[in-house]
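Listed below are the residues making up each chain.
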Amino acid sequence: MIRPKINIASGLLAASFMHLVHPNALFCLAGLCEDNPDICELVTGCYSDREGIDDDACNREWWAFKPIGPHACPPEGCPLYVWVEGSGRTPYATAFPGQDSMLAMLKRGFIAVTVYYANSVTGYRAGCEGNQAMWGFIQKTQSIFDADVPDSVVSQLCDGPNAMANCDLGIATHGYSQGAHIASLAGNYNPRVSASLLLSNGNHNSATGALPCLNNENLVLPRERRRAIIGEEDDYFGGQ
């Protein structure tokens, strides 16, 4: 397996910091490609998060930026970059904060994708393992990243009939808050995850208590391939 050194932090911080087919989703995300038509093509798809529904339902969307023109993937393909949004924030918001990061990574030779998942603030309280009513971080991570789930987002993009990324070149994960928890757990369920950048992440939340699945010893991706950035005055994770 090829494991190149992928510096997902370089330029990324400078670049910035739904139910199916929300009417604003394609408008906001396609707008970024429309503003950059020579380098970006928007590709969409869906997956099942299986939270209280039929296993075969395709109830969540993903959106990928595919590099074209001068940034088009070389013959060996492009690695994959996954942005995971935080609690209560959606990819169809007018000021979707992950857009600039996705475009920056596209320009660095990645297929860039983001997903809609069950990211409510209420759902956050289900913690690592979840409960009878709501999925936890582990199940959410598996539905997006698990290499053993054929319709997970990453399986579709890396190995499915319409795959567009060469994930043997690496999968870079990047998330904010709840999204950072999922990004940090991704390596537990997909061996091709090679780097993670985690904003406002931690293993103890002031509102919910300990989050043991995020302890260093419970994360497969080596710590030298993970970078976590937390503000000292962060209301939930500050001081960790």
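Residues numbered from 1 in each chain as written. Predicted model: local features only at pLDDT ≥ 70, side-chain atom pairs only at ≥ 80, totals over all residues. Heavy atoms only, no water.

Q: Could you give an account of the pattern of salt bridges, with specific residues and numbers?
A: Applying the stated rule across the entire model yields 3 salt bridges. Among the ionic pairs, Asp49 bridges to Arg60, the shortest N-O distance being 2.7 Å. Taken together, the positions of Asp49 in the loop between strand 1 (40-47) and strand 2 (60-67) and Arg60 in strand 2 put the pair 11 residues apart, joining distant regions of the chain. A salt bridge links Arg192 to Asp168; the shortest N-O distance between them is 3.6 Å. Of this pair, Arg192 sits in the loop between helix 7 (178-185) and strand 6 (193-199) while Asp168 sits in the loop between helix 6 (153-159) and strand 5 (171-176), placing them 24 residues apart in sequence. Salt bridges here are not isolated pairs; linked through shared partners, they connect Asp159, Asp168 and Arg192. (Salt bridge = Lys/Arg side-chain N within 4 Å of Asp/Glu carboxyl O. Helix = DSSP H or I, 4+ residues; strand = E, 2+ residues; numbered from the N terminus.)

Q: Outline the sheet that holds strand 2, listing residues and values.
A: Taken together, 7 strands build an open sheet; the order of strands is 1-2-4-3-5-6-9 and the sheet is mixed. In the strand order of this sheet, the two ends are held by strand 1 and strand 9 (226-229), each with one partner. With strand direction ignored, the average angle separating the axes of adjacent strands in the sheet is 15°. Sheet topology places strand 5 next to strand 6; 6 bridges connect them, and they run parallel. Along strand 6, the bridge assignment pairs Gly175 with Leu198. (Pairing = 2+ DSSP bridges. Axes fitted to C-alpha atoms, helices over the stretch in contact; angles between N-to-C directions.)

Q: Describe the state of the cysteines, naming the residues involved and giving the relevant values.
A: Taken as a whole and assessed by the stated rule, the structure comprises 4 disulfides. Across a sulfur-sulfur distance of 1.7 Å, Cys46 and Cys58 are joined as a disulfide pair. Taking the sign of the torsion about the S-S bond as the criterion, the disulfide between Cys46 and Cys58, at about 120°, is right-handed. Residue Cys46 is located in strand 1, and its partner Cys58 is located in the loop between strand 1 and strand 2; the two are separated by 12 residues in the primary sequence. On the basis of relative accessibility, which here comes to 27%, the residue Cys46 falls in the partly exposed class. For Cys158, the disulfide goes to Cys167, at an S-S distance of 1.9 Å. Its S-S torsion of approximately -70° makes the covalent link between Cys158 and Cys167 left-handed. Comparing Cys158 with Cys167 shows no difference in burial state: the two are buried. (Disulfide = S-S within 2.5 Å. Buried < 20%, exposed > 50% of the residue type's maximum accessible area, 1.4 Å probe, protein only.)

Q: Give a description of the pairing of strand 4 (residues 111-115) that names residues and reports values.
A: The buried fraction of strand 4 amounts to 5 of the 5 residues, a majority that puts the element mostly inside the structure. Residues of strand 4 alternate between two faces, with Ile111, Val113 and Val115 on one and Ala112 and Thr114 on the opposite face, all of them buried. Inspection of the sheet shows strand 2 paired to strand 4 by 4 bridges, in the antiparallel sense. Across the sheet, residue Trp63 finds its bridge partner in strand 4, namely Thr114. Direction of pairing for strand 3 (residues 80-84) relative to strand 4: parallel, over a ladder of 4 bridges. Note on strand 4: the bridge partner recorded for Val82 is Val113.

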